[in-house]
Every structure is written in C-alpha cells, then in structure tokens.
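Survey of secondary and tertiary structure
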Amino acid sequence: MKYLIVSGMDESHDREHDKAGCPYQYTLFNEIILKEDQRASIDILKTYKENLKLFPYQNYDVFIWTGGLGNIYLPNIHNRNQLYVCERILSLNKPLWGSCWGLQVIATCYGDKIVKAKKPEFGFSDNIKIIKNHHIYDDKEDLFTAPGHHYDHLENINSDFEIITQNEISIQSISHKSMNIFCTQYHPELPYIFISKLMTHWKKNYLEIMSNDEFNKIIKKLYLLEENDKYVRKKEFRAWLNTN
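None of the values given here were measured: they were computed from a predicted structure.

1. Section: the sheet that holds strand β4 (residues 96-99)
If you walk across this open sheet you meet the nine strands as β2-β1-β3-β4-β11-β10-β9-β6-β7, and the pairing is mixed. A strand with exactly one partner marks an edge of an open sheet, and here the two such strands are β2 (41-46) and β7 (143-147). The sheet shows a mean angle of 25° between the axes of neighbouring strands, direction not considered. Bridge analysis of strand β6 (residues 124-130) against β7 gives four bridges, and the strand direction is antiparallel. Opposite Lys-129, over in β7, you have Leu-143 as the bridge partner. This element, helix α4 (residues 101-109), spans β3 (62-65), β4, β9 (161-166), β10 (171-176) and β11 (181-184) of the sheet and lies at about 120° to β4.

Okay, structure coming up:
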C-alpha cells in the first residue's frame, strides 16, 4: 500500500518545530502507519517544496493530511497550494484522512465554512461526545478527551459530510456520506507531550491570554493524559487505517 502524507505546514512552520525540538507532525503519522502496515510505502508532500502540478498523486492508494499553523480562510500562497493539492486528491476518489488543519482544508474544498472559534482549545479537547455511530469509534468511550489545539473550527456543514463527534466548543469529527474521507478537529496522532513541548516553546504568547498558573495547569494535565492514555488516543486512526 502506498501512502502520501501531506504536510499542512509551510517552511516557517517547519522551522518553528525545529526550534522547539519537536519532530515534524508527519513523522508521528508515519510511525502509526508502519505499526499497522509494516510493508507500507510512505512519502511526504511538502507543498512549499514540490512542483504541485507535476506531482504524481495518482500513484498513491491512501492520503493523510497533517495539522498546520495557519488560517485556511486567509488569501496566501500556502493556502492556495494546500487547496490545490486537496482538489487534485479529491478527484481521485481514494481514502483520505485529515487532522485539525487537514479537516479545515478538506471542508473548505467542499464549500463548508471555517471560522475563528469563539473559544480556542489549548492542548486537549475535552468532553468529546460520539453523536453518530461510526465503526472507527467501536469500543471507544462515548465521552472522551483527545489531543487538540486550535483557534479556528468548522462552523457548519453544507456538503455531503455528517457530524460524528462534537463537544460544546467545536465539531470534532466528520465523515463523508459516500466516500472514505474522515476528518478530526483533534489530533489522535499527536502525543499530549508533543503539544506540551510546542506550547512551552511559545509560552510567552500564551501568557498574553492566560496566567502562568493556568498555563502550568494545562501542561500538567497534558502529562497526566499522556501517562494514563485512558481514552486510547490512537484508536480511531488505527481503526480507519485498517479499513483501507
């Protein structure tokens, strides 16, 4: 099976991960895929590096979209490139997963609206409720917590997606009604401590909107969530991989 992981990051985002001492997000998808499919062939597409018009999208069986650090509704070259690649992939009618930014790119291509959330989620998304049965959530607790970090979210759905999970802040996962496309606003692929490391790197930014005590409580909770893994963080992504 040939997998293509599309990085949602631009070059400056990659540099920020380097400065924080964090691996690129696609490496974490890569690890999970190889544990589920040891014979997998995996390539990474960075949209700021490749000739996107000549790239051989048709050579891949499964597509996965990582998180990003931008706002998909802004007019810039990175967003245009991301949306162009998404349109090319969607035309192939092949399995596609999107996490966080990935959801926002895919939903935008379908004409759904991404907006600034009234309340951001820092580090984790709490009290996510499964509101519609879906096989990737079999044996998952109906109310769970997951890694999550976003300022924007999906406002509503006008396309052929349906809401599978949500909490009081955001739509948390959607599934296409007829195609094998599944997206989460949260990050089943990211360890909680990965997010804590990035947040610590940008601590001064968070201290503009919260106290030092509030920040430290979030970091402490992220470590506890990682240690306990009560909600089996990777479960739904692994289940989706095994249907392809």
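2. What about helix α1 (residues 11-20)?
All of the buried residues in α1 are His-13, Asp-14, His-17 and Ala-20. When α1 is viewed along its axis, its buried side chains cluster within an angular range of 120° and face the same direction. The elements touched by buried residues of α1 are α2 (25-36), β2 and α5 (192-201).

3. Quick look at unusual backbone geometry
One non-glycine residue, Cys-100, lies in positive phi territory at about 55°. Counting through the fold element by element, Cys-100 comes out in the loop between β4 and α4. Unlike most non-glycine residues, Asn-127 shows phi in positive territory, near 55°.

4. Considerations on the pattern of salt bridges
Scanning all chains against the criterion turns up seven salt bridges. Here Lys-19 and Glu-16 are joined by a salt bridge, their closest N and O atoms 3.4 Å apart. Pair noted here: Lys-19 and Glu-16 are both in helix α1, with a separation of three residues, about one helical turn. Taking relative accessible area as the criterion, Lys-19 reaches 59% and is therefore assigned exposed. Lys-113 is the salt-bridge partner of Glu-155, the closest N and O atoms lying 3.9 Å from each other. Taken together, the residues Glu-155 in strand β8 (residues 150-156) and Lys-113 in strand β5 (residues 113-121) connect sequence positions 42 residues apart. Classification of Glu-155 by relative accessible area gives partly exposed; the value is 39%. Judged by its relative accessible area of 46%, Lys-113 is partly exposed.

5. Here's the deal with α2
Counted at 1.5 Å a residue, the expected span for α2 with its twelve residues is 16 Å, and the 18 Å between its end C-alpha atoms agrees. Restricting attention to buried positions, one finds in α2 the residues Gln-25, Tyr-26, Leu-28, Phe-29, Ile-32 and Ile-33. The buried residues of α2 occupy one face: seen down the axis, they fall within an arc of 155°.

6. Notes on the packing of α5 against helix α7 (residues 212-228)
Put simply, α5 and α7 touch, their axes get as near as 8 Å, and they point 160° apart. In terms of axis orientation, α5 runs roughly antiparallel to α7. Seen from above, α5 lies across α7 with left-handed handedness. Across from Tyr-192, Ile-193, Ile-195, Ser-196, Met-199 and Thr-200 in α5, the residues of α7 making contact are Phe-215, Ile-218, Ile-219, Leu-222, Tyr-223, Leu-225 and Glu-226.

7. What to know about the environment of Trp-202
Position of Trp-202 among the secondary structure elements: in the loop between α5 and α6 (203-206). C-alpha separation for the pair Trp-202 and Ala-20, spaced 182 residues apart in sequence, amounts to 8.6 Å. The residues touching Trp-202, leaving out its near neighbours within four places in the chain, are Glu-16 and Leu-69. A polar side-chain atom of Trp-202 sits 3.0 Å from a polar atom in the side chain of Glu-16.

Rules used in this analysis
- Numbering of residues starts from 1 in each chain and follows the order in which that chain's sequence is written.
- Only residues with pLDDT of at least 70 get local features here, since the model is predicted, and only at 80 or more are side-chain atom pairs given and counted; chain-wide, interface and lining totals rely on the full set of residues.
- With hydrogens and water set aside, each side-chain value is computed from the structure's full complement of heavy atoms.
- DSSP bridges decide pairing: two strands pair if at least two such bridges lie between them.
- What counts as a helix is a DSSP run of H or I of at least four residues, what counts as a strand is a run of E of at least two, and both are numbered from the N terminus.
- Only the stretch in contact is used when a helix axis is fitted, and all axes are lines through C-alpha atoms; the angle between N-to-C directions ranges over 0 to 180 degrees.
- By the convention used here, residues are in contact when the closest approach between their heavy atoms is within 4.5 Å.
- Whether a residue is buried, partly exposed or exposed follows from its accessible area with a 1.4 Å probe, protein chains only, as a fraction of its type maximum: under 20%, in between, or over 50%, in that order.
- The arc in question is formed by the directions pointing from the helix axis toward the C-beta atoms.
- Whenever Lys or Arg places a side-chain nitrogen within 4 Å of a carboxyl oxygen from Asp or Glu, that contact is recorded as a salt bridge.
- Here, expected helix span is obtained from the residue count minus one, scaled by 1.5 Å.
- Angular relationships are summarised with four words: roughly parallel below 35 degrees, roughly antiparallel beyond 145, roughly perpendicular across 65 to 115, and oblique for the angles in between.
- Whether a crossing is left-handed or right-handed is set by the direction in which the near helix is turned from the far one by less than a right angle, anticlockwise for left-handed and clockwise for right-handed.
- Between N or O atoms, a polar contact is any pair within 3.5 Å; within protein, one atom must be a potential hydrogen donor and the other a potential acceptor, and residues adjacent in sequence are included only when both atoms are from side chains.

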